[in-house]
Amino acid sequence: MEKRPAQNVPNSDWEKKVTEYFKEKLKENNATNWVPSLNDVPVHYLKPNSLVKFRCMVQDMFDPEFYMGVYETVDPNTNARPQQEIDLNSSQTVTSERQTFYCVPVPGESAWVKEISFLTDASQARVSPSTSYTPSRHKRSYEEDEDMDLHPSKQKEQHMGSGGDIHGCVEPKRLETEASAGHHLISPNCSPPLDLNFPLPGEKGPACLVKVYESWDSFKVNDVLEVYGILSVDPVLSIVNNEDRDSSALDPMECMDTAEEQRVHSPPASLVPRIHVILAQKLQHINPLLPACLNEEESKTSDITKKLKFVKNGEKIYSEKRERKAEGSYARRDVLPLGKFTVNLSGCPRNSIFTEHIYRIIQQLVPASYRLQMTIENMNHSRFIPHKDYTANRLVSGVLQLASNTSLVVDETQLEQGQLDATGVHNVTALGNLITWQKVDYDFNYHQMEFPCNINVLITSEGRSLLPSDCQVHLQPQIIPPNMEEYMNSLLTAVLPSVLNKFRIYLSLLRLLDYSISDEVTKAVEEDFVEMRKNDPESITADDLHRTLLVARFLSLSAGQTTLSRERWLRAKQLEALRKARLQQQKCVNGNEL
């Protein structure tokens, strides 16, 4: 029996060399665009053991795993073609540790983000086609367990609106991609259907087990990552789900797991592929029109400088797009989220077409969003809060498990008469806590664990919302179009795709700008507030000051100004006075409704 020696230098830095090699290669000539993405390409189109990338959110963290970082192989038959086997008793074996993250596509990711990301990658692929993108493997090998049935699912519902020409270019590939993935999948080795544990209903795309080998402490649940690593779809990874498998072949440590835990933690690799990470980074945003990271060094490049100048000269866009929109928090002090700004847009007609089209416009502007229809049915039967399943040893997702900066539109016009049960009351409370404290208390059965979040919330309602908000703006339509649907559709089709992309860049960059108030302006604001209190001590409160300062902040940033000027402060005061006057006027008309 012939032995082949292991790398007998346990402290070898070969892992570091591999990481550095790929890190340098990915910096060359937009090399990241050449790497096929699991967000765009079905897993069965990708070559096993090849380099791939995945844009995702960490939905759950599994327990750390131990693996053989260095091992020795033996050849049991030296007279034949070498058939290597691992020597489990070798003294050369080095045991290492890694962390597994269960990752899903970013919940509520907008169609335009997917399309532009795909086109960016596909344009590079057309220059030099990769065999990874062509279905060259028609014969079934490792894919024996991959021929599974899908639950019937709806065809893609989202459209690009004014960017429909972009959408049309990639529709065949997008549908092909989405046909290979769904929320619930059936495999011959998995019964009942495998739940991919997506937070939002109707989501499509792959879920992956992401194996991280270094610096995993810097990643946590709900982080948005872009990972580069080696794709593994070997069926042996999921063979624990095969009832015909000899149980004696299982690792002794695996035998300690329940069958349900094995099923969740070792799903079929054809349904939940593995990625062995070489490089991973947290994403500041997922807008494909901007670089993934906008640090100071990168901002010096000509392309980024142009974009920043575009924002700082934002008066033109500001005048074209003069609006007040829901903002998330920009900092925390102790438990208080500073700068959160949930807007309640009241006066909305009790008509789903209106709020649905408002949401469609938001979808075209922000990278990730979700419309929560606040019906009695949804409130009583939806799972809002993630909870721990100790039998399967996993975190079961909920609607409120969202990535940072997701725009959540709560449609209260859908609320009809009826009774909220215990689940409904619990869900309404969770929504209120998210709005007020920007946190969600995940349910771990014996205790609750607080997960801070940064979600931009807009509430649409007829009268004042039942939910808390920071600012109520009552609609006062100047025109009532005879055909609401046609009118709302025209708002999108009238905007050129190039202009729409400018809006998308503009909104994303504004979130990343620093903002400050000089001592001089601070003093002037304080004096102004004291004077306001003297003139109207009953109605002017500290909350009014806080809200007006936030409005002034948004006005300044909307114009690309990173400091507060006297003029912006006066304009914010004027807007607040107009808003209050409109509310008072409506109250006089409708009694105490508002």
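The structure presented is a predicted model; accordingly, all values stated were derived computationally and were not measured.

Some remarks on the overall build of the protein chain
A tally of helices and strands in the protein chain yields 14 helices and 22 strands. Scored against the burial criterion, the 594 residues of the protein chain give a buried share of 49%. Pairs at least 24 apart in sequence give 78% of the contacts found in the protein chain among residues at least 6 apart. On the protein chain, roughly 30700 Å² of surface is accessible, and the fraction owed to carbon and sulfur atoms is 51%.

Some points on the sheet that holds strand E21 (residues 456-460)
Within a sheet, neighbouring strands are paired by backbone hydrogen bonds and run either parallel or antiparallel to one another. Spatially, E15-E18-E21-E14-E22 is the arrangement adopted by the 5 strands of the open sheet, whose pairing is parallel. Of all the strands in the sheet, just strand E15 (369-373) and strand E22 (471-474) have a single pairing partner and so form its edges. Strand-to-strand twist of the sheet, defined as the mean angle between neighbouring strand axes without regard to direction, takes the value 20 degrees. Here strand E14 (residues 343-346) runs beside E21; their pairing, made up of 3 bridges, is parallel. For Leu345, the partnering residue across the bridge sits in E21 and is Thr460. Its contacts with the sheet place helix H9 (residues 422-437) against E15, strand E18 (407-411) and E21, and it is angled at close to 125 degrees to E21.

Points about helix H11 (residues 497-512)
Under the 1.5 Å per step criterion, the end-to-end length of H11 is 23 Å for 16 residues, consistent within 8% with the ideal 22 Å. The complete set of buried residues in H11 reads Leu500, Asn501, Phe503, Arg504, Ile505, Tyr506, Leu507, Ser508, Leu509 and Leu510.

Focus on the confidence of the model for the protein chain
Confidence in the prediction of the protein chain, expressed as mean pLDDT, is 80, and 73% of residues score 70 or more. Scored below 50 in pLDDT, residues 126-181 shows 110 contacts in the model against residues more than four places distant or in partner chains. Segment residues 318-326 is flagged for pLDDT under 50; beyond a separation of four residues in sequence, or across chains, it makes 25 contacts in the model.

A closer look at the environment of Thr73
Summarising the element assignment, Thr73 is placed in strand E4 (residues 73-75). Among the residues examined, Thr73 registers a relative accessible area of 16% and is labelled buried. Sequence spacing of Thr73 and Leu88 is 15 residues, and the spatial spacing of their C-alpha atoms is 8.7 Å.

Description of the side chain of Arg504
As for its position among the elements, Arg504 is in helix H11. Accessibility expressed as a relative area gives 1% for Arg504, which makes it buried. Within the structure, Arg504 has its side chain in polar contact with the backbone oxygen of Gln364 (distance 2.7 Å).

Overview of the nonpolar core
If you look at the biggest cluster of nonpolar residues, it comprises 34 residues, and the most contacted ones within it are Phe341, Ile362, Leu365, Val551 and Leu564. The set of elements that each furnish at least two residues to this core consists of E14, helix H7 (352-365), E22, H11, helix H12 (519-535), helix H13 (542-558) and helix H14 (566-590). Counting residues per element, this core draws most heavily on H13, which supplies 6 residues. Grouped together as the second largest cluster of nonpolar side chains are 27 residues, Leu395, Val399, Leu434 and Ile459 included.

Some words on the packing of aromatic side chains
Under the counting rule described, the total for this entry stands at 7 aromatic pairs. A ring pair is formed by Phe101 and Phe219, whose centres lie 6.3 Å apart and whose planes are at 75 degrees; its orientation type is edge-to-face. A residue pair is termed long-range when its members are at least 10 positions apart, and Phe101 in strand E6 (residues 94-104) and Phe219 in the loop between strand E9 (208-212) and strand E10 (224-232) qualify at 118 residues. Given the relative accessible area of 0%, Phe101 is considered buried. In this structure Phe219 comes out as buried when scored by relative accessible area, which is 8%. On the numbers, 6.0 Å between centres and 45 degrees between planes, the contact of Tyr390 with Tyr446 is tilted. Of the two residues, Tyr390 sits in the loop between strand E16 (387-389) and strand E17 (394-396) while Tyr446 sits in the loop between strand E19 (439-443) and strand E20 (448-452), which places them 56 residues apart along the sequence. On the accessibility criterion, Tyr390 (39% relative accessible area) is partly exposed. Exposure remark for Tyr446: the relative accessible area of 74% places this residue in the exposed category.

Definitions and limits used
- Residues numbered from 1 in each chain as written.
- Predicted model: local features only at pLDDT ≥ 70, side-chain atom pairs only at ≥ 80, totals over all residues.
- Heavy atoms only, no water.
- Helix = DSSP H or I, 4+ residues; strand = E, 2+ residues; numbered from the N terminus.
- Buried < 20%, exposed > 50% of the residue type's maximum accessible area, 1.4 Å probe, protein only.
- Contact = heavy atoms within 4.5 Å.
- Areas by Shrake-Rupley, 256 points an atom, 1.4 Å probe, with all protein chains shown as cover.
- Pairing = 2+ DSSP bridges.
- Axes fitted to C-alpha atoms, helices over the stretch in contact; angles between N-to-C directions.
- Expected span 1.5 Å × (residues − 1).
- pLDDT = per-residue confidence, 0-100.
- Polar contact = N/O pair within 3.5 Å; in protein donor to acceptor, adjacent residues only side chain to side chain.
- Core = buried A, V, L, I, M, F, W, Y, C linked by side-chain atoms within 4.5 Å.
- Phe/Tyr/Trp six-rings, centres within 6.5 Å; stacked < 30°, edge-to-face > 60°.

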